[in-house]
Amino acid sequence: MTEFSPLKGFSDARAVQRLNLQQARTLGYQNPEDLYDPHNIRLVWRQMKLLKQNPQNYEGAFFDNWMAGYVRTAEWTIDDEIPFSSDIARGRLRELQESGMSIDPLHKLGVSALIVSNRLDEDMQYDVVEQLLDRAIDRGIALGNRAVNIVVTEPDPILEAVRDHGFLATGRIADYPGSTRTRRLYTKPLDS
């Protein structure tokens, strides 16, 4: 049985680093341990600081106290929008940024990370992704957001569950920093 919990402690930070390292390796990062080594105390402390600063943004899926996956959500900002924008729109968004505008006026929630352990079989991965997506959608509804955006680097094991959950491909893509893979933006409108 899967249990869900906000993330906040040292062991949670280490588990997030472990999952981030798995993802970075999958995406073909060079030297991913430089950013996500779960045995590097400095990196784990940095991650724990992020968890403590914004505990509402992180939620983990656990099996018997082992983190099988996590989701990180936050308001979709202009910074999130810029990589997926045309050159003209990018210029306008940067002008808004310079004027002090930071939150997208469309009030969208962004799923900035959704990672599931590759130690799970495919069916279990799918189930955990589904449940974490449900939690992200519920948070978006509770915050009064109009949509939930998620960025998927293909191929990624979460893609099937994202599509099955009614997320629609926007046709907008961006390069993934540090990787040769492309990110695709998906969105799910929320009923108000």
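These figures come from a predicted structure and were not determined experimentally.

About the cut-offs
- Residues numbered from 1 in each chain as written.
- Predicted model: local features only at pLDDT ≥ 70, side-chain atom pairs only at ≥ 80, totals over all residues.
- Heavy atoms only, no water.
- Pairing = 2+ DSSP bridges.
- Helix = DSSP H or I, 4+ residues; strand = E, 2+ residues; numbered from the N terminus.
- Axes fitted to C-alpha atoms, helices over the stretch in contact; angles between N-to-C directions.
- pLDDT = per-residue confidence, 0-100.
- Expected span 1.5 Å × (residues − 1).
- Buried < 20%, exposed > 50% of the residue type's maximum accessible area, 1.4 Å probe, protein only.
- Arc of directions from axis to C-beta.
- Contact = heavy atoms within 4.5 Å.
- Polar contact = N/O pair within 3.5 Å; in protein donor to acceptor, adjacent residues only side chain to side chain.

Caption draft 1: Structural detail: the sheet that holds strand 4 (residues 108–116). Pairing is mixed across the open sheet formed by seven strands, whose spatial order is 1-2-3-4-5-7-6. Two strands lie at the open edges of the sheet, namely strand 1 (3–6) and strand 6 (168–175), each paired on one side alone. On average, each strand axis in the sheet is inclined to that of its neighbour by 25 degrees, with strand direction left out of account. The pairing of strand 5 (residues 147–153) with strand 7 (residues 182–189) spans seven bridges and is antiparallel. Looking at strand 7, one finds that Ala147 is bridged to Pro189.

Caption draft 2: Main features of the confidence of the model for the protein. Here the protein averages 88 in pLDDT, and 90% of its residues register 70 or above. Least confident of the elements in the protein is helix 5 (residues 87–98), whose mean pLDDT is 70; most confident is strand 2 (residues 58–63), at 96.

Caption draft 3: Up close: helix 3 (residues 41–53). For helix 3, built from 13 residues, the straight-helix expectation of 18 Å at 1.5 Å per residue is met to within 8% by its first-to-last C-alpha distance of 18 Å. By the burial criterion, the buried members of helix 3 are Leu43, Val44, Gln47, Met48 and Leu51. Buried residues along helix 3 cover an arc of 140 degrees about the axis, so they all sit on one side. In this structure, helix 3 carries Arg42, Lys49 and Lys52 as exposed residues pointing more than 90 degrees from its buried face. Buried positions along helix 3 lie against helix 1 (10–26), helix 2 (33–36) and strand 2. If you check the start of helix 3, you find a side-chain oxygen 3.0 Å away from the backbone N of Arg42, and it comes from Asn40.

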